[in-house]
Amino acid sequence: MRIMGLDYGSMTVGVAISDELMITAQGIEVIRRKQETKLRQTYQRIEELIKEYDVKKIVLGYPKNMNNTIGDRALKSEEFADNLRRRTGLEVVLWDERLTTVAAHQVLDMAEVGLKKKMEVVDKLAAVFILQGYLDLQARSLTKESE
């Protein structure tokens, strides 16, 4: 079983997949679209990746405001999650993603990645941070249960 992590943005979706042991997240790709509301091909590509990697759950970044309120981007993410559930039949977990894109930019800056390359991969790295945060919490929960 694998878990998919998604960083849903206005024009892109960063995609990460867990390893089979659900310990680590690896960035897979960035799905791009020309218009924010044109999502048919985005959903199709996600469905292809679900089949390819035998995904059983999706963790979708949930961009809450810093004061913990729900803004426009979070509402769009809720709608995207509902559509994913309907289309795939999979559980979709909303994961607080505050500052994941900032963290992704910081990592890429430290690695001295150029601006053009950074813009190509930042959403994929943000998806990795989203999924890895979820995987780490699951591992901690299992550790506490076994103590």
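Below or above, wherever it landed, is the structure these notes cover.

### Considerations on the nonpolar core
Grouped together as the largest cluster of nonpolar side chains are 20 residues, with contacts concentrated most on Met4, Leu6, Val13, Ile46, Ile58, Phe80 and Leu84. Ranked by residues supplied to this core, first place goes to helix α1 (residues 40-53) with four residues. Other than its neighbours up to four places away in sequence, valine 13 contacts Leu6, Asp7, Tyr8, Glu29, Val30, Ile31, Arg33, Thr42, Ile46 and Phe80.

### Structural notes on the packing of aromatic side chains
Per the stated rule, a full pass over the model turns up three aromatic pairs. Ring centres of tyrosine 8 and phenylalanine 80 lie 4.0 Å apart, and the angle between their planes is 5°; on these two criteria the pair is classed as stacked. Separated by 72 residues along the polypeptide, tyrosine 8 in strand β1 (residues 2-8) and phenylalanine 80 in helix α2 (residues 72-88) bring together distant segments of the chain. When the ring of tryptophan 95 is compared with that of tyrosine 134, the centres are 5.6 Å apart and the planes differ by 85°; the resulting orientation is edge-to-face. Taken together, the positions of tryptophan 95 in strand β5 (residues 91-96) and tyrosine 134 in helix α4 (residues 115-146) put the pair 39 residues apart, joining distant regions of the chain. Given the relative accessible area of 5%, tyrosine 134 is considered buried. Pairwise contacts between aromatic rings join Tyr8, Tyr43 and Phe80 into one cluster.

### So, the pattern of salt bridges
Overall, the coordinates contain 10 salt bridges when judged by the stated rule. With a closest N to O distance of 3.4 Å, lysine 76 and aspartate 72 form a salt bridge. Residue lysine 76 and its partner aspartate 72 are both found in helix α2; the two are separated by four residues, about one turn of the helix. Overall, the relative accessible area of 51% leaves aspartate 72 in the exposed class.

### A closer look at α2
With 17 residues, α2 should cover 24 Å at 1.5 Å per step; its first-to-last C-alpha distance of 24 Å lies within 8% of that length. The complete set of buried residues in α2 reads Ala74, Ser77, Phe80, Ala81, Asn83 and Leu84. Buried-residue contacts for α2 involve β1, β2 (12-18), α1, β4 (55-62) and β5. Just beyond α2, the residue with positive phi is glycine 89, at close to 75°.

### Remarks on the environment of glutamate 97
Of note, glutamate 97 is situated in the loop between β5 and α3 (100-110). The class of glutamate 97 is buried, set by a relative accessible area of 10%. Sequence separation between glutamate 97 and isoleucine 130 is 33 residues, and the spatial gap between their C-alpha atoms is 6.1 Å.

### Details of the packing of α1 against α2
Viewed as axis vectors pointing N to C, α1 and α2 meet at an angle of 55°, and their least axial separation amounts to 11 Å. As far as their axial angle goes, α2 and α1 are oblique. α2 is crossed by α1, and the crossing has right-handed handedness. The residues of α2 that touch α1, namely those facing Thr42, Tyr43, Gln44, Ile46, Glu47 and Ile50, are Phe80, Asn83, Leu84, Arg87 and Thr88. By residue class, the composition of the contact of α1 with α2 is five nonpolar, four polar and two charged.

### Quick word on α1
Turn by turn, an α-helix covers 3.6 residues, leaving residues three or four places apart pointing in a common direction. Taking 1.5 Å per residue, 14 residues should reach 20 Å; α1 reaches 20 Å between its end C-alpha atoms and fits that length. For α1, the full list of buried residues reads Thr42, Tyr43, Ile46, Leu49 and Ile50. Buried residues in α1, looked at end-on, bunch into an arc of 125°, giving them a common side. Of the exposed residues in α1, those oriented more than 90 degrees away from the buried face are Arg40, Gln41, Lys51 and Glu52. At its buried positions, α1 is contacted by β1, β2, β3 (25-32), β4 and α2. Residue aspartate 54 follows α1 closely and has a positive phi angle near 55°.

Criteria and thresholds
Note on numbering: residues in each chain are counted from 1, in written sequence order. Only residues with pLDDT of at least 70 are given local features in this predicted model, and only at 80 or more are side-chain atom pairs given and counted; all residues enter the totals for whole chains, interfaces and linings. The side-chain values count all of the structure's non-hydrogen atoms but skip hydrogen atoms and water molecules. Nine residue types can take part in a nonpolar core, namely buried Ala, Val, Leu, Ile, Met, Phe, Trp, Tyr and Cys, and a core is a set of them joined through side-chain atoms within 4.5 Å. Exposure is judged per residue with a 1.4 Å probe applied to protein chains only, and the accessible area is read against the type maximum: over 50% gives exposed, under 20% gives buried, and values in between give partly exposed. A run of H or I in DSSP becomes a helix once it reaches four residues, and a run of E becomes a strand once it reaches two; helices and strands are each numbered from the N terminus. We call two residues contacting when some pair of their heavy atoms lies within 4.5 Å. Classification of ring pairs uses Phe, Tyr and Trp, with its six-membered ring standing for Trp, and accepts pairs whose centres are within 6.5 Å; under 30 degrees between planes counts as stacked, over 60 as edge-to-face, and the remaining range as tilted. By salt bridge we mean one thing: a side-chain nitrogen of Lys or Arg within 4 Å of a carboxyl oxygen of Asp or Glu. Expected span, for any helix, means 1.5 Å times one less than how many residues it has. The angle between two axes is taken between their N-to-C directions and runs from 0 to 180 degrees, where each axis is a line fitted to C-alpha atoms and a helix contributes only its stretch in contact. Just so you know how the angles are binned, under 35 degrees is roughly parallel, over 145 roughly antiparallel, 65 to 115 roughly perpendicular, and the rest oblique. Take the far helix as the reference: if the near one is turned anticlockwise from it by less than a right angle, the crossing is left-handed, and if turned clockwise, right-handed. When residues are grouped by polarity, Ala, Val, Leu, Ile, Met, Phe, Trp, Tyr, Cys and Pro land in nonpolar, Asp, Glu, Lys and Arg in charged, and all others, Gly among them, in polar. Picture the helix axis, draw a direction to every C-beta atom, and the arc is the one those directions span.

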